[in-house]
Amino acid sequence: MMQRAGFRRRAHGVLAPRVSRPSSRRSSPRAARGFTMIEVLVALTIIAVALAASLRAVGSLANGEADLHRRLLAGWSADNTLAQLRLTHAWPEIGAQSFDCSQGNLQLICTERVSGTPNPVFRKVEVTVTMPGRSGELAQMVTVVPNETNRPL
């Protein structure tokens, strides 16, 4: 008698499917050992490089945020200076002057430059804000002020 593939003969000539039993040994002895030391070191190196890159990115974001905060406060100082000039309705003298315009715990120096315009009724006022000990301007604002001292009510 012929047997079919995948079946085994039982008593009384009945064919039954072959059942594969799990072997007590694994097919590959390497699969039972886990990761090698080299694989672990490579994974740790990749993780360390990724963490170093993320720390550098976070550090530059913190520096950028601090610079943005200084520029915001400097802009407020320049705006306050120009608003005070408009509210006093004063006719500013041509020339330049520097004065303290600190905001909070940030020491700032405002420089107000007044110059003439082609129309003698107006003067150009430029306010620049700097920080002592640092080069460059943090903020700059310009406005034109009319001569309101001789204006009839």
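Structure first, text after, so check above.
Below is a short write-up of the structure. Computed from a predicted model, the values in this text were never measured in an experiment.

## Things to note about the pairing of strand β5 (residues 122-130)
Consecutive side chains along a regular strand alternate between the two faces of the sheet.
Now for step 1: Across eight bridges, the pairing between strand β4 (residues 109-116) and β5 is antiparallel. The partner of C110 across the bridge, within β5, is V129.
Now for step 2: Following β4, the chain reverses through five residues before pairing antiparallel with β5.
Now for step 3: Remark: six residues form the turn of the hairpin made by β5 and strand β6 (residues 137-146), two consecutive strands paired antiparallel; G133 in that turn has positive phi of roughly 85 degrees.

## So, the pairing of β6
Now for step 1: Pairing analysis gives nine bridges linking β5 to β6, with the strands arranged antiparallel. What sits directly across from F122, in β6, is P146.

## Some details on the pattern of salt bridges
Now for step 1: With the rule as written, the count across this model stands at two salt bridges.
Now for step 2: Residue R70 is joined to D67 by a salt bridge in which the shortest nitrogen-to-oxygen separation is 3.8 Å. One end of the pair, R70, and the other, D67, are both in helix α1 (residues 37-88), three residues apart, so they sit about a helical turn from each other.
Now for step 3: Overall, the relative accessible area of 19% leaves R70 in the buried class.
Now for step 4: With its nearest N and O atoms 3.3 Å apart, the salt bridge here joins R71 to D67. Of the two residues, R71 and D67 are both situated in helix α1; the distance of four residues between them amounts to about one turn of the helix.
Now for step 5: With a relative accessible area of 25%, D67 lands in the partly exposed category.

## Regarding the nonpolar core
Now for step 1: Among the nonpolar cores identified, the biggest contains 17 residues, and A74, L108, V125, V127 and V129 are the most heavily contacted of them.
Now for step 2: Listed by contribution, the elements that provide at least two residues to this core are α1, β4, β5 and β6.
Now for step 3: For this core, the leading source of residues is α1, giving five residues.
Now for step 4: With residues up to four places along the chain from it excluded, the contact list for V127 reads A78, T81, L82, C110, T111, E112, A139, Q140 and M141.

## Observations concerning the state of the cysteines
Now for step 1: Enumeration over the complete set of coordinates arrives at one disulfide.
Now for step 2: The disulfide partner of C101 is C110, and the S-S distance across this bridge is 2.0 Å. Here C101 and C110 share a disulfide; its torsion about the S-S bond, 90 degrees, makes the bridge right-handed.
Now for step 3: Judged by relative accessible area, which is 0%, C110 ranks as buried.

## Description of the environment of A90
Now for step 1: When you line up the elements, A90 lands in the loop between α1 and β3 (95-100).
Now for step 2: Owing to a relative accessible area of 31%, A90 belongs among the partly exposed residues under this scheme.
Now for step 3: Each C-alpha atom of the pair A90 and T149 lies 7.1 Å from the other, and the pair is 59 residues apart in sequence.
Now for step 4: Residues within four places of A90 in sequence aside, it is in contact with L85 and V145.

About the criteria used
Residue positions within a chain follow its written sequence, with the count starting from 1. In view of the model being predicted, local features appear only for residues whose pLDDT reaches at least 70, and side-chain atom pairs are presented and counted only at 80 or more, with totals across whole chains, interfaces and linings using the full set of residues. Side-chain numbers here rest on the full set of heavy atoms in the structure, without hydrogens or water. A pair of strands counts as paired when DSSP detects no fewer than two bridges linking them. Here a helix means four or more residues in a row that DSSP labels H or I, a strand means two or more in a row labelled E, and each is numbered from the N terminus. Each salt bridge in this description consists of a side-chain nitrogen of Lys or Arg and a carboxyl oxygen of Asp or Glu lying within 4 Å of one another. The cut-offs for exposure are 20% and 50% of the maximum accessible area for each residue type, with area from a 1.4 Å probe on protein chains only; residues under the lower value are buried, those over the upper are exposed, and the others partly exposed. Remark: nonpolar core denotes a set of buried residues (Ala, Val, Leu, Ile, Met, Phe, Trp, Tyr, Cys) joined through side-chain atoms within 4.5 Å. Here, two residues are considered to be in contact whenever any of their heavy atoms come within 4.5 Å of each other. The definition used for a disulfide is geometric: two cysteine sulfur atoms within 2.5 Å.

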